[in-house]
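Take a look at the letters that make up each chain.
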Amino acid sequence: GPRADVRGESAPTLAPGAKAGEVGGGASRAVEIDLARLSASGYIAPTAPRSRLAEEFRVIKRPLINNILGKATAPVRNANRIMVTSAEPGEGKTFVSLNLAMSLAMELDTEVLLVDADAQRPALLERLGLAQSTGLLDLLTDPDLPLESVVFRTNVEHLSILPAGRPQQRST
């Protein structure tokens, strides 16, 4: 099925034909997201698919899915790569990225890789109640680090996460 790559800023996407849990041909690490905590914190969770917020993101994702599937009025190159960004901190990039990724992951036949590419203020793992870990920044600085070693499979079907990683001296 289609793959959506929802990012906090900019990052690589899955290789063609790869599934989020099978990145690079190896098995990625599994993590358990506390879905009740996530929902109580104001985020979309598969345990509450009919919330007002879920409905609002359903409206947002529908044209994005049409683009991914090639049903847009004009072809969109790399439509499966969705970047959420803003000019200032605190404007809701993580909130929008996480909710959009959750909403997309609840679609049938859709694989989502949520990438936290905020090198300065990575917040994704904290919002999910997960410990900081290696991730994108580590991949960029260590060419020998296998992609599957930093991608998390989650207990949300069709959702995998690539965290920002450890802060680097030259991160900007």
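Please refer to the structure higher up on the page.
For clarity, every value in this text was computed on a predicted model and none was experimentally measured.

Section: the pattern of salt bridges
No. 1: Applying the stated criterion across every chain yields a total of six salt bridges.
No. 2: As a salt-bridge pair, R62 and E107 come within 3.2 Å of each other at their nearest N and O atoms. Taken together, the residues span a long stretch of sequence, with R62 in helix α2 (residues 52-68) and E107 in the loop between α3 (93-105) and β4 (111-115) at a distance of 45 residues.
No. 3: Given a relative accessible area of 19%, E107 falls into the buried group.
No. 4: Three or more residues are tied together by salt bridges with common partners; here these are R50, E55 and R58.

What about the side chain of E111?
No. 1: Along the chain, the position of E111 falls in strand β4.
No. 2: A distance of 3.1 Å separates polar atoms of two side chains, one belonging to E111 and the other to H158.

Quick look at the nonpolar core
No. 1: Core analysis: the largest hydrophobic core is formed by 30 residues, its most contacted members being L38, L98, M102, L128 and L159.
No. 2: Considering every element that reaches this core, the biggest residue donor is α3, with six residues.
No. 3: Excluding its chain neighbours within four sequence positions, the residues that come into contact with L98 are L38, Y43, L114, L124, R127 and L128.
No. 4: With eight residues, the next largest nonpolar core counts L136, L139, V150 and V151 among its residues.

Some details on the environment of Y43
No. 1: With respect to the secondary-structure elements, Y43 resides in the loop between α1 (35-40) and α2.
No. 2: Sequence separation between Y43 and A54 is eleven residues, and the spatial gap between their C-alpha atoms is 8.6 Å.
No. 3: Sequence-distant contacts of Y43, defined by excluding residues within four places in its chain, comprise L38, L53, F95, L98, N99 and R127.

Here's the deal with the packing of α2 against α3
No. 1: Closest axis-to-axis distance for the α2/α3 pair is 9 Å, and the angle between their directions is 75°. Judged by the angle between their axes, α2 and α3 are roughly perpendicular. Contacts from L53, F57, R58, I60, K61, L64 and I65 of α2 reach α3 at F95, V96, N99, L100, S103 and L104.
No. 2: Broken down by class, the residue content of the contact of α2 with α3 amounts to nine nonpolar, two polar and two charged.

Things to note about unusual backbone geometry
No. 1: At D109, a residue that is not glycine, the phi angle is positive and equals roughly 55°.
No. 2: In this structure, D109 sits in the loop between α3 and β4.
No. 3: The phi angle at H158 is positive, at roughly 75°, despite the residue not being glycine.
No. 4: Structurally, the position occupied by H158 is in the loop between β5 (152-154) and β6 (159-162).
No. 5: Using a relative accessible area of 21% as the deciding quantity, one classes H158 as partly exposed.

Here we look at the pairing of β4
No. 1: A large share of β4 lies buried, amounting to five of its five residues.
No. 2: Residues E111, L113 and V115 point to one face of β4 and V112 and L114 to the other, with burial holding for every one of them.
No. 3: Inspection of the sheet shows β4 paired to β6 by four bridges, in the parallel sense. Within β6, the residue paired with L113 across the bridge is S160.

Conventions and cut-offs
- Residues numbered from 1 in each chain as written.
- Predicted model: local features only at pLDDT ≥ 70, side-chain atom pairs only at ≥ 80, totals over all residues.
- Heavy atoms only, no water.
- Salt bridge = Lys/Arg side-chain N within 4 Å of Asp/Glu carboxyl O.
- Helix = DSSP H or I, 4+ residues; strand = E, 2+ residues; numbered from the N terminus.
- Buried < 20%, exposed > 50% of the residue type's maximum accessible area, 1.4 Å probe, protein only.
- Polar contact = N/O pair within 3.5 Å; in protein donor to acceptor, adjacent residues only side chain to side chain.
- Core = buried A, V, L, I, M, F, W, Y, C linked by side-chain atoms within 4.5 Å.
- Contact = heavy atoms within 4.5 Å.
- Axes fitted to C-alpha atoms, helices over the stretch in contact; angles between N-to-C directions.
- Parallel < 35°, antiparallel > 145°, perpendicular 65-115°, else oblique.
- Nonpolar A, V, L, I, M, F, W, Y, C, P; charged D, E, K, R; others polar.
- Pairing = 2+ DSSP bridges.

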